[in-house]
Amino acid sequence: MVVMAAFGPFVLLLFFRNPGFMSGWYEAFPTVREGVGYVSDGTGAVFVTTILFFLPASWPFPRSQYTTYGTGQHRILDWDVVQRKMPWGIILLLGAGLCLAKGTVDSGLSCWFGNQLSSLGDLDVSLVVFVTVVFITFFTEIVSNTATATIFLPILAQLAVTTLHVNPLTLMIPATVACSFAFMLPAATPPNAIAFSYGHLKVIDMVKVGFAMNLIAIVAVMFLTTTLYGAVFTLSSVPQWALGLSGTSTCSGNLSNATNATGIP
């Protein structure tokens, strides 16, 4: 009952942090730079979790229960339980993966990889789709799905329109699907880390099975690209909205920043 009572404010904090149709409560806190602040969805979760350390385990409750803090007997949560129940291995594993992904993006390495795809313009469209799907399938093992899509989709859209002269969805749809093929490494996605944390699997076990799943997924995407995607989406011509795509992407700024920071031309 008490946990349910704490869950309601948590949902409200998530919804009203930045609802879009009105000012969110995050605006009351300072920002690092324009559009980026210290408050995130995790802020509400940490706040509500902290409250659980003070709420009694029964509701309604007599005075004797909420005046005996420190015994750990009448509170919803105490630090001993956190130390024993918290999957610290998963947290460290996912944290390391997020740090690796962040470093890959901020250093400009991911954008450099993405810009190498522009050299595929001389190949057949089907071969370009295949190379793109294979590359993104293994790239997303170390970089988050969202970051991978943010980096590669603008580059692929420009490649499709300006070089291949095809509908950008021809490359963007299979590439977007491939961003979710994170099957090999424990840190690639939270479900992988949870399965790995039980201790019954080794990294090499996940790599073997994940590699096979990646191959199956690549074949499935290529099959759907040549059959279903063409039937559902009109891919035979370049749409009007794609004609206005410029030759710049989010990676151009990242690469220039990385160059300025490292001094490497």
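Scroll up to find the structure this text is about.
Residues numbered from 1 in each chain as written. Predicted model: local features only at pLDDT ≥ 70, side-chain atom pairs only at ≥ 80, totals over all residues. Heavy atoms only, no water.

Here we come to the packing of helix α5 (residues 88–106) against helix α10 (residues 190–197). Packing of α5 against α10 brings their axes to within 9 Å, and their N-to-C directions diverge by 140 degrees. Taken together, the axis directions place α5 and α10 in an arrangement best described as oblique. The crossing of α5 and α10 is right-handed. Facing α5, whose interface residues are I90, L93 and L94, α10 presents P190, A193, I194, F196 and S197. Its residues placed into classes, the contact of α5 with α10 shows 7 nonpolar, 1 polar and no charged. (Axes fitted to C-alpha atoms, helices over the stretch in contact; angles between N-to-C directions. Helix = DSSP H or I, 4+ residues; strand = E, 2+ residues; numbered from the N terminus. Parallel < 35°, antiparallel > 145°, perpendicular 65-115°, else oblique. Left-handed = near helix turned anticlockwise from the far one by under 90°. Contact = heavy atoms within 4.5 Å. Nonpolar A, V, L, I, M, F, W, Y, C, P; charged D, E, K, R; others polar.)

Moving on, we get to the packing of aromatic side chains. The full count for this structure, using the stated rule, is 9 aromatic pairs. Between the aromatic rings of F135 and F139, the centroid separation amounts to 5.8 Å while the plane-to-plane angle is 15 degrees, which identifies the pairing as stacked. Highlighted residues: F135 and F139, both in helix α7 (residues 125–139), separated by 4 residues, approximately one helical turn. Under the relative-accessibility criterion, F139 is labelled buried at 6%. On the numbers, 6.0 Å between centres and 40 degrees between planes, the contact of F138 with F211 is tilted. Here F138, found in helix α7, pairs with F211, found in helix α11 (residues 203–226); they are 73 residues apart in sequence, far enough to count as distant. (Phe/Tyr/Trp six-rings, centres within 6.5 Å; stacked < 30°, edge-to-face > 60°. Buried < 20%, exposed > 50% of the residue type's maximum accessible area, 1.4 Å probe, protein only.)

Take it as geometry only, folks, not as evidence of what the structure does.
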